[in-house]
Every structure is written in C-alpha cells, then in structure tokens.
Amino acid sequence: MQDKMNYVKDTIVEEANAVLDYTFTFTKEISISVKGLLLIAIALILTSVILKFVRKFLTKKLPVNDKQKFVTVFSYIRWFVFLVIFLIGMHTSGVNVTAVFAASAALLIGVGLALQTLFQDIISGIFILVDQSVHVGDIIELEGKVGRVLDIRLRTTRAVTIDNKVLVIPNHLYLTNILFNWTENGTETREVVNVGVAYGSDVALVKKLLIEVAKKHDKILKISEPIVLFTDFADSSLNFTLVFSLNNSFEARFVQSDLRFEIDKVFRENGITIPFPQRDVHFFNKGSKA
C-alpha cells in the first residue's frame, strides 16, 4: 500500500514538473517555459504589493492636493518598474531578451516615433505637477489663447475660454512656448484701453474725462486707482492709455467695450475729436516746356 502511494506521489510530481517544464517556442532564440511565466507573474504581483505599501507610506503626511498629484506621477513610475521587473523576470527565466528586442526592432522604432509627442506631453505634465507653475483656477494665455484652467493631467491641460469653449492643451507646449499666467500673483489684473485725440485737444480735460469714466464703472477696482498715460505724439493723434484694475480678467473685454462706448459719448459732449489717419497731398505744376 505504501509503495502504491509513493508511486502515485512520484507520478504526480513528474506530471507537475512536466507541465512546469513545458516550453513555448516562438523562434530558435526566443522561448519560455510555464515555470518561467509563473515566476514572472509572482514577481509582478509581489512588486505591485510592495509599490502599494510604498505609495501609502510616502503619501501618508502629504496634503490632499499634493497627494493626488503624487499618485498620478507614481502611477507612471509604477508601470516603468513593472516593465523593468518583467524584463528581468524574462531574462532570469532563460528568455533571450536581446533577441526579443532585435526581432521587434522595426516595430519598436515605429512605436517610438509615434509615441514621441506622447512622451513629451507626459514628461511636461510631470514637470507641471511637480513645479506647480500652473494651478487649477489660474487664467493662462498660451499662443494667443486665454482660458481658465479646469483640469491638469499628465498628457493634457483643459481650460475653458471666456466663450465657454474648452481648450485641450498638450502639455509639451508649456516647454516650447512662453506661458502667461495672469493670476500667478493673485486674481487682480491690470487692463488698458487705448484712445487717440486730435491735435489741439485739451489734454488735461482728456485725462480728467478718462479717469471719471473709469471710476464710474462698477467692475473696476477703486484700489489701485485708474491712471491715464500720455503715450505718444502720433502722426494724426495724441495717444493716451487708460489703465485700470479688475478682479476678474475674464470680464476684461466686456469692461473695455463699456469704457469705449462711454469714452466716445463724453468726448462728443465735450467737443473732443477722435481723429482718423489722414495725409496732406501737394501737387506741383512745373509747367510744360515748349
């Protein structure tokens, strides 16, 4: 009876070893056994568990916002670690990793070229999250487009324009273009309205009227007070710039429009002319020769 049990036991072990030693052959240089696949799977599972504990330990004392940013960055680090462990596991299991890369070299080159911009976006997204140069709620200007940031992701940043249109901005543009953050120093911004008046106008009156127009508008801040700059003696006009402060730069173009309507009105009432470009042309008749 004991001999029979030992025979059965030995048979099961042999069958199990045969299954574990079964090898999947793809080419002469690339093959892997069932045992190797199991070892790789176990290594990946252990790596996942270890990384989970590492993430919890590192984010334990972080603020909520920083924790979310760290988790996003850590997720990409985790996939990179998985790739390294997978390649090490394949090499340990007897797979010729060099041969695998050589066999798929053309494919990898094509994929690398196709994903080049994607990787640029991801790296830029990590820089944005770590550097914190842009935050949700900031008003930014990039390539002439202005929007309030709604969401910052690793590949793209989403912002809504004043027209309620959503801008999807690839993050690599932050590294290749000049970014204007209108609210980096707070929500208050300085805006301007430019106007020209005819030569001979009372410049002191012009300044007074512009200041009065700005102070009457309910969305213009009292502090800092509006100011008027005499900017230039132009070809056809005396140029002035009305500078004022807003607490919501998204409303700037509407406020500027209101001011222009009111400026045109008060200038007409006070006899101040807004000129248009003009040239004097002189003809000289030298007479004809006989």
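Everything that follows concerns the structure shown earlier in this document.
Criteria and thresholds
- Residues numbered from 1 in each chain as written.
- Predicted model: local features only at pLDDT ≥ 70, side-chain atom pairs only at ≥ 80, totals over all residues.
- Heavy atoms only, no water.
- Helix = DSSP H or I, 4+ residues; strand = E, 2+ residues; numbered from the N terminus.
- Contact = heavy atoms within 4.5 Å.
- Areas by Shrake-Rupley, 256 points an atom, 1.4 Å probe, with all protein chains shown as cover.
- Pairing = 2+ DSSP bridges.
- Axes fitted to C-alpha atoms, helices over the stretch in contact; angles between N-to-C directions.
- Expected span 1.5 Å × (residues − 1).
- Buried < 20%, exposed > 50% of the residue type's maximum accessible area, 1.4 Å probe, protein only.
- Polar contact = N/O pair within 3.5 Å; in protein donor to acceptor, adjacent residues only side chain to side chain.
- Phe/Tyr/Trp six-rings, centres within 6.5 Å; stacked < 30°, edge-to-face > 60°.
- Lys NZ or Arg CZ within 6 Å of the ring centre and 35° of its normal.

1. Here's the deal with the overall build of the protein chain
Each helix and strand counted, the protein chain has 9 helices and 10 strands in total. Taking the contacts inside the protein chain whose residues are at least 6 apart along the sequence as the reference set, 60% of them involve residues at least 24 apart. Element-wise, carbon and sulfur atoms account for 61% of the exposed surface of the protein chain, whose accessible area totals about 20100 Å².

2. Focus: the sheet that holds strand E10 (residues 238–246)
Across the sheet, which stays open at both edges, the 3 strands sit in the order E8-E10-E9 with antiparallel pairing between neighbours. Where the open sheet ends on each side, the last strands, each with one partner, are strand E8 (189–197) and strand E9 (227–233). Taking the axes of each pair of neighbouring strands and ignoring which way they run, one obtains an average angle of 25 degrees across the sheet. Pairing of E8 with E10 involves 9 bridges; the strand directions are antiparallel. Bridge pairing in E10 links Thr189 to Leu246. Relative to E10, helix H8 (residues 203–216) is tilted by about 25 degrees, and along the sheet it contacts E8, E9 and E10. In the packing of helix H9 (residues 252–269) onto the sheet, the strands contacted are E8 and E10, and the crossing angle to E8 comes to about 30 degrees.

3. Some points on H8
When the terminal C-alpha atoms of H8 are compared, their 20 Å separation across 14 residues agrees well with the 20 Å that a helix rising 1.5 Å per residue should span. The complete set of buried residues in H8 reads Val206, Leu209, Leu210, Ile211, Val213 and Ala214. Contacts made by the buried residues of H8 are with E8, E9, E10 and H9. Capping of H8 at its N-terminal end is provided by Asp202; its side-chain oxygen lies 3.2 Å from the backbone amide nitrogen of Ala204.

4. A few points about the packing of aromatic side chains
Applying the stated criterion across every chain, the model contains 2 aromatic pairs. With centroids separated by 5.1 Å and ring planes inclined at 45 degrees, the aromatic side chains of Phe230 and Phe233 adopt a geometry described as tilted. When its relative accessible area of 60% is taken as the criterion, Phe233 is described as exposed. Their ring planes at 25 degrees and their centres at 4.5 Å tell us that Phe230 and Phe240 sit as a pair that is stacked. Pair noted here: Phe230 is in strand E9 and Phe240 is in strand E10, with a separation of 10 residues, a long-range link. By relative accessible area, which is 3% here, Phe240 ends up buried. An aromatic cluster is defined as three or more aromatic residues linked by ring pairs; in this entry it consists of Phe230, Phe233 and Phe240. Positioned above the aromatic ring of Phe250, the side-chain terminus of Arg148 is 4.7 Å from the ring centre.

5. Comments concerning the environment of Arg253
Counting through the fold element by element, Arg253 comes out in helix H9. Residues Arg253 and Glu191, 62 residues apart in the sequence, show an inter-C-alpha distance of 9.2 Å. Every residue in contact with Arg253, bar those within four places of it in the chain, is listed here: Ile162 and Asp163.

6. Things to note about the pairing of strand E4 (residues 145–152)
Here strand E3 (residues 139–142) pairs with E4 via 4 bridges, running antiparallel. Paired with Glu141 across the strands is Val146, a residue of E4. Connecting the antiparallel pair E3 and E4 is a turn made up of 2 residues, with Glu143 showing a positive phi of about 55 degrees. Bridge count between E4 and strand E5 (residues 156–160): 4 bridges; the pairing is antiparallel. In the sheet register, Arg148 faces E5, and the bridge partner there is Val160. Counting the residues between successive antiparallel strands, the hairpin from E4 to E5 contains 3 residues.

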